[in-house]
Every structure is written in C-alpha cells, then in structure tokens.
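Structural description and commentary
Chain residues, written in single-letter form:
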Amino acid sequence: MDKLTPEQRHKNMQAVKNRDTQIERILRKELWKRGLHYRKNSNNVFGHPDIVFIGKKVAVFCDSEFWHGYNWEKRKNDIKSHQDFWLMQYKRIIKEIYPPFLLMENVPGIKSSFGGRILKEFIAELENEGSPDNECYFVLSNVVNAADYGVPQLRKRFVLHAVRCDILKQMEQLNLTLTLPIPTHSKTGKDNKQKWVTVREVFAGLPKIEAGERYSDDKIKNHYCANLSDKNIQRMRIIRENGGSRTVLPENLVLKCHTTYSGHTDVYGIMNPDVPAPTMTGGCLSYSKGRFGHPFENRAISVREAARIQTFPDDYIFGESLTKAALEIGNAVPIKLVKASGSVFINIIMQLNDNKK
C-alpha cells in the first residue's frame, strides 16, 4: 500500500528529472565509449531531444511508458481516466513532436489489464482517425517471445511498431510494409529458422567460480555472484540431482514458508541447461527469487551470465553492486529483441532515403 499522501506523491513526481536522467546518462556513456559523438539536450532541434546526431539527422528521446500494475487490485477501481496511466504521458510527448516512427515495449499484461481499455484508447489516440496524415499513425502490436529472436530466454514482451501516415504513403509507393520484429529462431528450428539458443550455449567459455567469488580478467568482466549459506548449497545439490525444482527437498530442508504454500515453484530452482533460461527479473542474481540456480555449479548465476542471457555484449560493464546490476539487467529489454525491432525501421529508412537520391 502506498504510504505517501497525495500531496507528497505530487511533490515527488514534480521533482522527477526531465534532463540527465539515468537512462540518458547510461546511453550517452555507451555511445561515447563506442566513439559515437553527439550533442545532448539540443535547443536548436524541434522537440528539444535528449541526444542528437547532427550529421545523421537523428534525434533520440529517452523516455519510458513504464507500467507494472503497482498495487493494481486495490487501485483499479479508483481509476477515473486513462490519463492516470504513465502510458498517456508517452502519448503526450508523441503528440508534441509527431516522430515518423514509434517503437514501444512493455509487459504483456498491458494488453489485457483494465479489460484492455487503456491500451485500446492509447492506440486509438495514435491512429487519430480523421486527422491529417502527419498527425496520425498506422499501428501494429502483439506479444512476442524474446527466444524467437536469438535471446536465450523465455521472455514475453508486448511490442508496438507504428509509422506516421504520411510516411506510410511514401512506403506504399515503394511496396514497403511495416512489420513487427521478424523471428529468426524457433523451438524446433524449422522453416528456415535457427533453434532457440540454450543456457548451455550462452554460458560456454566462462570460468568456474564458487558462490560469492569474483572473477575478472582482461576479457571477462562482472563474472561474480552472490554468496550462499551451507544449507542453501545443500538444497541446491539435492534439487539439481532430482529434477531442478524445490519440491524434491526432504522435510528437514524445506523452508517453513513453503510447508503451507505450494506456489512459485521456480523459487530455489536450477536452470535447465538445454533450453532457454526463464525470464530474468530484478532478482535474477538471487537463488531465492526464482529459477536462478546455476545448472552445473553450486551457486546462483553471475552478473555476466545474467547479462549474456539478456544478450548484453561482454564488453558492457556493470557496477560492483549485485543489487543494482540485477535491476539493470532484469529490467532491460533484451538487446537482440531491440535489434530485431530496430532493423525493421532501419531497413525502411534506408530504402526511403535511397529513393530520394
């Protein structure tokens, strides 16, 4: 339950930064590291984008339409208008600048929550029927599985692609169509697709470490994991030898809270090495918060292993805090899923530009 008064909550939200936010700083740091020069918070470009590549005529706005249904069961009957949702703040920014393309991802629950009304109203606002072509969008959306895009993880996400209607007419003249990200992998590997990437494949090449150990060399960074008690290591050995789930534990090793509760059976689980990993969360580095036990070693997965599951490149460096690293990794959109979406737009933009030459 929210402990803040409406006045305190309003004051806190007014204090939220709209420049130099964490997402902006992380992106700028990574761009600079890769030798990509940019301008920040440009006042000379319409909409005052957070990052601008002048020569490439590319503007980047860092924003989030986050919605995790906080305290949803208690709050849902208090919702008076779709304006109560952060999703509509994203819409507000869109309608200030009407960018040519839109990409959005969120939890699958956004599609069905509140009877689907919130998302339907948002999409209707984007389609903006009867408005000029430069103020409305053609929209595609669906729930996709990250494993279908080379991500070694069973992670479902809601993805939305949209193109402004005046750009859509240019595309139609060239027989170009807007699509959602195009799958490259499948469970079976049939129909010219590759098979899903497994935990065994993505962990290959990383040195063995013990619980609580920190390993680092010139090539491998952030290969460290949480410490475990002797009793948890004992639990892990028994679980690994008997199918991977905590339901096999003898009575003397069952936690008291699990004697009367049979749900969340992934907790204290061991990863199956021959399938994609379960969904990474903000607790993905904790053995007690999901099926995050290493498939072969008596420990939780490491920061680098979790990062590989989210398809971060090995040269992406996280901080030394396990808690912060888990949140950064677990809350990220898998890199290869983002790339699959981005490729759809890049291919369209390149073909439109080639036609103008």
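In short, a report on the structure. (Residues numbered from 1 in each chain as written. Predicted model: local features only at pLDDT ≥ 70, side-chain atom pairs only at ≥ 80, totals over all residues. Heavy atoms only, no water.)

1. Some words on the overall build of the protein chain
We count it as follows: Strands are runs of DSSP state E lasting at least 2 residues, helices are runs of H or I lasting at least 4, and numbering of each runs from the N terminus. Each residue's exposure class comes from its accessible area (1.4 Å probe, protein chains only) as a fraction of the maximum for that residue type: buried when under 20%, exposed when over 50%, partly exposed otherwise. Contacts are assigned to residue pairs with any non-hydrogen atoms lying within 4.5 Å of each other. Computed by Shrake-Rupley with a 1.4 Å probe, the accessible areas treat only the displayed protein chains as cover when residues are assessed.
On a plain count of helices and strands, the protein chain comes out with eleven helices and ten strands. The burial tally for the protein chain puts 43% of its 357 residues in the buried class. Taking contacts inside the protein chain between residues at least 6 apart in sequence as the whole, the part at least 24 apart equals 58%. Here the protein chain displays about 20,700 Å² of accessible surface, and carbon together with sulfur accounts for 52% of that area.

2. Digging into helix α8 (residues 230-241)
Selection criterion: Given a helix with a known number of residues, its expected span is that number minus one, times 1.5 Å.
If you check α8, its first and last C-alpha atoms are 17 Å apart, about what twelve residues at 1.5 Å a residue would give, namely 16 Å. Two residues or fewer after α8 comes Gly243, characterised by a positive phi angle close to 110 degrees.

3. Structural notes on the sheet that holds strand β6 (residues 156-164)
So the rule is basically this: Two strands form a pair only when DSSP identifies at least two bridges running between them. For helices, the fitted line uses only the C-alpha atoms of the stretch in contact; every axis is such a line through C-alpha atoms, and the angle between N-to-C directions lies from 0 to 180 degrees.
Judged by pairing direction, the sheet is antiparallel, and its three strands sit side by side in the order β4-β6-β5 without closing on themselves. Two strands close off the open sheet at either side, each with one partner strand: β4 (101-106) and β5 (137-145). Averaged over all neighbouring strand pairs, the angle between strand axes comes to 15 degrees, with direction disregarded. Where β5 lies against β6, nine bridges are found, and the strand directions are antiparallel. Paired with Asn142 across the strands is Val159, a residue of β6. Packed onto the sheet, helix α6 (residues 165-173) meets β4, β5 and β6 and runs at close to 80 degrees relative to β6.

4. Comments concerning the sheet that holds strand β2 (residues 51-53)
Pairing is antiparallel across the open sheet formed by three strands, whose spatial order is β1-β2-β3. The sheet is open, and its two borders are formed by β1 (39-40) and β3 (58-60), each paired with just one other strand. When β1 meets β2, the two strands line up antiparallel, connected through two bridges. By the bridge assignment, Arg39 is partnered in β2 with Val52.

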